[in-house]
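Observations on the three-dimensional arrangement
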Amino acid sequence: MRDLLLPRACAGCAAPDEVLCDHCSTLLHQPQAIAMPLQRFGYALSCGLYQAHIRQAILQWKDHSDEECDRPFAQALIDAAAYIQLDKCINEYCAAQGINKILIVPAPSSAASLHERGRVHLKPLAHALAQALAQPLLQQLSEPLPQQLTQQFPQQSPQAHKNAEQVPVEVCMALSMHRQRIKAVQTQSASSRSERVQHSIRMNERQLARGVEAHAAVAAILLDDIVTTGATMRQCTRVLAHHGIDVLTGLCLAYTPSNTDTPSGTQQK
């Protein structure tokens, strides 16, 4: 009955009877490495590029409450994590460093954005990723790694991780954003985005205390929807590091290409 009254269409291209059609899903399976020297692995990873249909799909999900996109977006993140065998990388790092818990930390939104959306839109994706990391990621791929990407993200030898035990993974809303009157999507230049987030992102001590036992050795994985200049993710990394929490890497749905890579008519975030 609902589909008769409110026909479902692809969030990206409006193809009928789809939440996210096969074509748009494929666009979210084109991982991009984003340099993040402050993070332990040296880079963050996006599922695809923030342009055309993926841009439309993310905006539909994020700002128009298309919660049915939670599942395909979460699967895209899980697949991206599987491409780099993130579960094994985490366990190996934790074994070497004595880390006993990993926190999935979503990037914060302003109070105004939270009120407008009525939910923390990254939270369901964070929980899905945390749950997936409890099992071998390669067994959860929705589609195989494209062959042309194997060299960009080489598969690691399982022997390198044979002594690494599974580390618990939990979601922690450890960061908050304060007093922002300008949305991130309205901030165009790298310098203005950096200035916007420099003093606005803070540690949420109460949430951190709920997620971390006293004297626990923890590390974090950051999660965001869109990375444009990387200013938000870098500042999140700095805030967590200031409180003694190493950020191993970051994951996001989409990365905004440079102006030279942006097709005509497609606006940057």
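This is a predicted model, so every value here is computed, not measured. (Residues numbered from 1 in each chain as written. Predicted model: local features only at pLDDT ≥ 70, side-chain atom pairs only at ≥ 80, totals over all residues. Heavy atoms only, no water.)

Now for the overall build of the chain. Secondary structure assignment for the chain yields 10 helices and 8 strands. Surface summary for the chain: the accessible area is close to 13,600 Å², and the carbon and sulfur share equals 49%. (Helix = DSSP H or I, 4+ residues; strand = E, 2+ residues; numbered from the N terminus. Areas by Shrake-Rupley, 256 points an atom, 1.4 Å probe, with all protein chains shown as cover.)

Right, let's talk about the sheet that holds strand 7 (residues 218-227) for a bit. Here we have 6 strands laid out as an open sheet, ordered 1-2-8-7-3-4, and mixed in their pairing. Among the strands making up the open sheet, the edge pair consists of strand 1 (32-35) and strand 4 (169-171). Averaged over all pairs of adjacent strands, the angle between their axes in this sheet comes to 25°, without regard to strand direction. (Pairing = 2+ DSSP bridges. Axes fitted to C-alpha atoms, helices over the stretch in contact; angles between N-to-C directions.)

Below, the discussion takes up the packing of aromatic side chains. Ring pairs (aromatic) are described by centroid distance and by the angle formed between their planes. Tallied over the full model, the rule gives 2 aromatic pairs. Aromatic pair Phe41 and Tyr93: ring centres 6.4 Å apart, planes at 80°, arrangement edge-to-face. Residue Phe41 is found in the loop between strand 1 and strand 2 (43-49), and its partner Tyr93 is found in helix 5 (residues 86-97); the two are separated by 52 residues along the sequence. With a centroid separation of 5.1 Å and 85° between ring planes, the pair formed by Trp61 and Phe73 is classed as edge-to-face. Residue Trp61 is located in helix 3 (residues 52-63), and its partner Phe73 is located in helix 4 (residues 70-83); the two are separated by 12 residues in the primary sequence. By the burial criterion, Trp61 is buried, and Phe73 matches it. (Phe/Tyr/Trp six-rings, centres within 6.5 Å; stacked < 30°, edge-to-face > 60°. Buried < 20%, exposed > 50% of the residue type's maximum accessible area, 1.4 Å probe, protein only.)

This prediction gives the chain a mean pLDDT of 84; 78% of its residues lie at or above 70. Here residues 156-162 is modelled with pLDDT under 50, and outside its nearest four sequence neighbours on either side it reaches 9 contacts, counting other chains as well. Segment residues 260-269: pLDDT under 50, and 23 contacts once partners within four positions in sequence are set aside and those in other chains are kept. (pLDDT = per-residue confidence, 0-100. Contact = heavy atoms within 4.5 Å.)

Burial analysis of strand 3 (residues 101-106) places 6 of its 6 residues in the buried class, the great majority of the element. Side-chain alternation along strand 3 places Lys101, Leu103 and Val105 on one buried face and Ile102, Ile104 and Pro106 on a second face that is also buried. The sheet contact formed by strand 3 and strand 7 spans 6 bridges and is parallel. Bridging across to strand 7, Pro106 finds its partner in Leu223. Pairing between strand 3 and strand 4: 3 bridges, direction parallel.

Given a rise of 1.5 Å per residue, 12 residues ought to cover 16 Å, and the 16 Å separating the end C-alpha atoms of helix 3 matches this to within 8%. Regarding helix 3, the residues found buried are Ile54, Ala57, Ile58, Leu59, Trp61 and Lys62. (Expected span 1.5 Å × (residues − 1).)

An ideal rise of 1.5 Å per residue puts 16 Å on 12 residues; helix 10 (residues 231-242) measures up with 16 Å between its terminal C-alpha atoms. Listing the buried residues of helix 10 in full gives Ala231, Thr232, Met233, Gln235, Cys236, Thr237, Val239 and Leu240. Looking one or two residues past helix 10, Gly244 carries a phi angle of roughly 80°, positive in sign.

This next bit is on the pattern of salt bridges. Enumeration according to the criterion identifies 7 salt bridges in this entry. Residues Asp66 and Arg8 are paired through a salt bridge, measuring 2.6 Å at the closest nitrogen-oxygen approach. A residue pair is termed long-range when its members are at least 10 positions apart, and Asp66 in the loop between helix 3 and helix 4 and Arg8 in the loop between helix 1 (2-5) and helix 2 (22-27) qualify at 58 residues. Classification of Arg8 as buried rests on a relative accessible area of 14%. Put simply, Asp70 and Arg119 hold a salt bridge, and the shortest N to O gap is 2.9 Å. With Asp70 in helix 4 and Arg119 in the loop between helix 6 (111-117) and helix 7 (123-132), the pair connects residues that are 49 residues apart, well separated along the chain. Here Asp70 and Arg119 have matching classes, each one buried. (Salt bridge = Lys/Arg side-chain N within 4 Å of Asp/Glu carboxyl O.)

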